[in-house]
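Each chain, written out:
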Amino acid sequence: MRYVSTRGGAAAQDFTGVLMAGLASDGGLYLPEAWPQLAPADWQALAGKPYAEAAFRVLRPFTAGALDDAVLARLTAEAYAQFDHETVCPLVQIAPSRWLLELFHGPTLAFKDVAMQLLGRLFDHVLTARGERMTIVGATSGDTGSAAIEACRGRDAIDIFILHPHERTSEVQRRQMTCVTDDNVHNIAVRGTFDDCQALVKAMFNDAPFRERMRLSAVNSINWARVMAQVVYYATAAVALGGPARPVRFSVPTGNFGDVFAGYAAARMGLPVAGLTVATNRNDILARVFASGSYRKGEVARTMSPSMDIQVSSNFERLLFDACGRDGAKVAALMQGLDADGGFELGGLLRQAAPLFTAAAVDEALTLETIAATHRSTGRLIDPHTAVGVAAAERVAEDALPMVVLSTAHPAKFPDAVERATGLRPPLPERLSDLYERPERYEVLDADLAQIQAHVAQRARIVRE
Ligand SMILES: *Cc1c(COP(=O)(O)O)cnc(C)c1O
């Protein structure tokens, strides 16, 4: 399998090249040169298989020529053994024709674990085979940091440094990072804001000699391997509900367009998907572009679903590439318009080229009301991100087809919103129940680039000449 850049100006690469590069050299994102196809019998064969084996079967075409089957089978088995539920991503029915797909049974209680647990192992495998190491650096306001740390902890070839704003994350968020005491995990509490942390990380990447010397890398959501890993649960859910004979709809709470793009990829691979609902909170750039064809940045508003408080959705570029007939020059011109003018116009292009998608923006009041209503009708507590997905699903034309809402976080991860809606405070699940008693390890440093670079250089175990 070869991969091409959405901007048409970078050489094609195999899976390993794309995994290690993240972003293409022309600033574009990688996509398979052609969508691999699974036949109805191949989808059918996933029925009743353990999740890791389904993952192996769905992902194999993407890694073909770059990873041995035995390696992919081992890495998927190890990644999905880290989940608390035997089926990894279970389906729960909440109404006639409506299901939740619970993606939060991993180590940090949010759906990013599903892809990150595999990504960390893929990195480690490739680096070890090459006799190399790398240093991952990232900034977090709370949630992505812990998923990255859990994915990299204990990996021989990787050191990870995560910057968070000192005393500005919740205690649960901090402890999910700082109670990981593996030698290769380095938490830095920066005396400053999340913006300071992001600026420091950016400055480290912009310092070319430092970047090369430390072999800096990121685990951000534009990496193809993350999108690829998310295709799997669309397939397991559809097959469990009667696919491929019966098409299924999905409603996906989204910010960066990564998760819902994986659903589109599944459809392009031949999985019968009847519709994909793009569910956003008040930060509605995606809902607006599907409604009006106008893609325009707004101000980021803070909401109860902070993991979707995003105004530029990086993975949307991947859909644009297909919608523009895979014309990289056209995509490059549109993205230039985004930088120069803050947006671009697509007219009716998406409706024509991507008719699977519908979109809905859900405000804060409806999010709370949906958490409360779901609790009244099912006895279940859902988190605010999931509630956005449930509310958006309500707006899609009713038919007899199954509608699956992706449930992206455990309610205990966002207890304040859940308590406000229902009066009930969801307890942490058993794997984290002693979180408040665990020892913490982190360093508090000033928001000073030289000091933080020295800290990283002293601790990173890159191969030195
Ligand atoms: C990251 C995240 C999302 C949004 O996912 P995208 O891939 O950015 O669309 C939704 N819900 C939760 C809980 C998240 O952590």
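This is a predicted model, so every value here is computed, not measured.

Draft legend 1. How the structure looks around the layout of surface pockets. Here the second largest pocket is characterised by a volume of approximately 330 Å³. In terms of lining residues, the second largest pocket is bounded by 19 residues, among which Lys-49, Pro-50, Tyr-51, Thr-87 and Thr-236 are the most central. Secondary-structure elements contributing two or more residues to the lining of the second largest pocket are helix H3 (51–63) and helix H10 (224–240). Among the elements that make up the lining of the second largest pocket, the one with the highest residue count is H10 (4 residues). In terms of residue class, the lining of the second largest pocket is built from 14 nonpolar, 3 polar and 2 charged.

Draft legend 2. Looking closely at the nonpolar core. Core analysis: the biggest nonpolar cluster contains 110 residues, and Tyr-80, Trp-224, Phe-250 and Phe-316 have the highest contact counts within it. The leading source of residues in this core is H10, at 13 residues. Dropping the residues within four chain positions of it, Tyr-80 is found in contact with Tyr-51, Ala-52, Ala-55, Val-88, Val-114, Leu-118 and Ala-229. Residues Val-137, Leu-200, Met-204 and Phe-210 belong to the second largest nonpolar core, which totals 18 residues.

Draft legend 3. Layout of the site of the ligand. Neighbouring the ligand are 14 residues, the closest being Lys-112, Thr-254, Gly-255, Asn-256 and Thr-408. Taking Asp-259, its main chain carries an N or O atom lying 3.2 Å from an oxygen atom of the ligand. Ser-307 places a polar side-chain atom, nitrogen or oxygen, 3.4 Å from an oxygen atom of the ligand. Coverage of the ligand by the protein chains reaches 95% of its 380 Å² of free accessible surface.

Draft legend 4. Fine view of the packing of helix H8 (residues 194–206) against helix H19 (residues 449–459). Between H8 and H19, the shortest axis-to-axis distance is 10 Å and the interhelical angle comes to 65 degrees. By the criterion of interaxial angle, the relationship of H8 to H19 is roughly perpendicular. For H8 against H19, the interelement crossing comes out right-handed. Contact with H8, carried on its side by Leu-200, Ala-203 and Met-204, involves Leu-449, Ile-452, Gln-453 and Val-456 of H19 and no other residues of that element. Here the contact of H8 with H19 is composed, by residue class, of 6 nonpolar, 1 polar and no charged.

Draft legend 5. Region of the structure containing the sheet that holds strand E8 (residues 216–217). The strand order E8-E5-E6-E7-E15 describes an open sheet built from 5 strands, whose pairing is parallel. Unpaired on one side and paired on the other, E8 and strand E15 (443–446) mark the two borders of the sheet. Inspection of the sheet shows strand E5 (residues 134–139) paired to E8 by 2 bridges, in the parallel sense. From the neighbouring strand, Ile-136 faces E8, where its bridge partner is Ser-217.

Draft legend 6. Looking closely at the pairing of strand E14 (residues 403–407). With 5 of its 5 residues buried, E14 lies for the most part within the structure. Side-chain alternation along E14 places Met-403, Val-405 and Ser-407 on one buried face and Val-404 and Leu-406 on a second face that is also buried. Where strand E4 (residues 98–102) and E14 come together, 5 bridges link them in parallel fashion. Across the sheet, residue Trp-99 finds its bridge partner in E14, namely Val-404. Of the pairings in the sheet, the one linking strand E9 (residues 248–253) to E14 comprises 3 bridges and is parallel in character. Each bridged residue has a counterpart across the sheet, and for Arg-249 the counterpart in E14 is Met-403.

Draft legend 7. Looking closely at the UniProt feature "domain: Threonine synthase N-terminal" (unreviewed entry) in the protein. Feature annotation in UniProt assigns "domain: Threonine synthase N-terminal" (unreviewed entry) to the following positions: residues 2–80. Annotated as residues 2–80, this span is 47% helix and 8% strand, and its ends, taken at the C-alpha atoms, are 26 Å apart.

Draft legend 8. Structural context of the packing of aromatic side chains. Enumeration according to the criterion identifies 19 aromatic pairs in this entry. For the ring pair Trp-35 and Trp-224, a centre distance of 6.3 Å and an interplane angle of 55 degrees mean the geometry is tilted. Taken together, the residues Trp-35 in the loop between strand E2 (30–32) and helix H2 (40–44) and Trp-224 in helix H10 connect sequence positions 189 residues apart. The exposure classification of Trp-35 matches that of Trp-224, with both residues buried. Taking the centre distance of 4.8 Å and the plane angle of 70 degrees together, the rings of Tyr-234 and Phe-250 count as edge-to-face.

Draft legend 9. Representation of empty space enclosed by the protein in the model. Evaluated as defined, the whole model comprises 2 cavities of 30 Å³ or more. Each pocket or cavity is described by its volume, and for the second largest cavity that value is around 30 Å³. Every residue along the wall of the second largest cavity is listed here: Tyr-295, Val-312, Ser-313, Ser-314, Phe-316, Glu-317 and Met-335. Across the lining of the second largest cavity, the residue classes break down as 4 nonpolar, 2 polar and 1 charged.

Draft legend 10. Highlighting the sheet that holds E4. In spatial order, the strands read E3-E4-E14-E9-E10-E13; together these 6 strands make up an open sheet with mixed pairing. Looking at which strands have only one partner, the edges of the open sheet turn out to be strand E3 (91–95) and strand E13 (357–361). The sheet shows a mean angle of 25 degrees between the axes of neighbouring strands, taken without regard to direction. Note that E3 and E4 share 4 bridges and pair antiparallel. Following the sheet pairing, Gln-93 is matched in E4 by Trp-99.

Draft legend 11. Region of the structure containing the state of the cysteines. Throughout the structure, instances matching the rule amount to 0 disulfides. No disulfide involves Cys-152; its sulfur sits 18 Å from the nearest other cysteine sulfur, which is in Cys-179. Of all cysteine sulfurs in the structure, the one in Cys-152 sits closest to Cys-197, which takes part in no disulfide; the separation is 18 Å. The class for Cys-197 is buried, based on a relative accessible area of 0%.

Draft legend 12. Highlighting the side chain of Gln-453. Tracing the backbone through its elements, the reader meets Gln-453 in helix H19. A polar side-chain atom of Gln-453 sits 3.0 Å from a polar atom in the side chain of Asp-207. Sequence-distant contacts of Gln-453, defined by excluding residues within four places in its chain, comprise Met-204, Asp-207 and Phe-210.

Calculation criteria
- The written sequence of each chain sets the order in which its residues are numbered from 1.
- Note on the predicted model: pLDDT of at least 70 is required for a residue's local features to be given, and 80 or more for side-chain atom pairs to be given and counted; whole-chain, interface and lining totals, by contrast, use all residues.
- Think of the side-chain values as coming from all heavy atoms in the structure, minus any hydrogens and water.
- Definitions used throughout: a 1 Å grid over protein atoms alone; a cavity as a set of points that fits a 1.4 Å probe which cannot get out; a pocket as an open set with protein on both sides within 12 Å along at least five of seven lines; a lining residue as one with an atom within 4 Å of a point.
- Grid points are joined across faces, edges and corners, and a volume is the space filled by probe spheres set on the points.
- Every helix listed is a DSSP run of H or I at least four residues long, and every strand listed is a run of E at least two residues long, numbered separately from the N terminus.
- Note on residue classes: Ala, Val, Leu, Ile, Met, Phe, Trp, Tyr, Cys and Pro are nonpolar, Asp, Glu, Lys and Arg are charged, and everything else, Gly too, is polar.
- As used in this record, nonpolar core signifies buried Ala, Val, Leu, Ile, Met, Phe, Trp, Tyr and Cys residues forming a set joined through side-chain atoms within 4.5 Å.
- Burial classification: accessible surface area is computed with a 1.4 Å probe over protein chains only, and a residue below 20% of its type maximum counts as buried, one above 50% as exposed, and the rest as partly exposed.
- By the convention used here, residues are in contact when the closest approach between their heavy atoms is within 4.5 Å.
- Working definition: residue near molecule or strand if any one of its non-hydrogen atoms lies within 4 Å of it.
- Polar contact criterion, stated in full: a pair of N or O atoms within 3.5 Å, where within protein one must be able to donate a hydrogen and the other to accept it, and residues adjacent in sequence count only if both atoms are side-chain atoms.
- In these tables, accessible area is a Shrake-Rupley quantity obtained with a 1.4 Å probe, and a residue counts as shielded only by the protein chains included in the view.
- The convention used is that axes are lines fitted to C-alpha atoms, helices contributing only their stretch in contact, and that angles between N-to-C directions extend from 0 to 180 degrees.
- In this scheme, roughly parallel covers angles under 35 degrees and roughly antiparallel covers those over 145, while 65 to 115 is roughly perpendicular and the rest are oblique.
- Each crossing gets its hand from how the near helix is turned against the far one by less than a right angle, where anticlockwise is left-handed and clockwise is right-handed.
- DSSP-based pairing: two strands are paired if at least 2 bridges between them are found.
- UniProt positions are given in the numbering used here, feature names are shortened, and annotations may be inferred rather than shown by experiment.
- Only Phe, Tyr and Trp rings are paired, with Trp represented by its six-membered ring, and only when their centres lie within 6.5 Å; those with planes under 30 degrees apart are stacked, over 60 edge-to-face, the remainder tilted.
- Note on terminology: pairs of cysteine sulfur atoms within 2.5 Å are recorded as disulfides.

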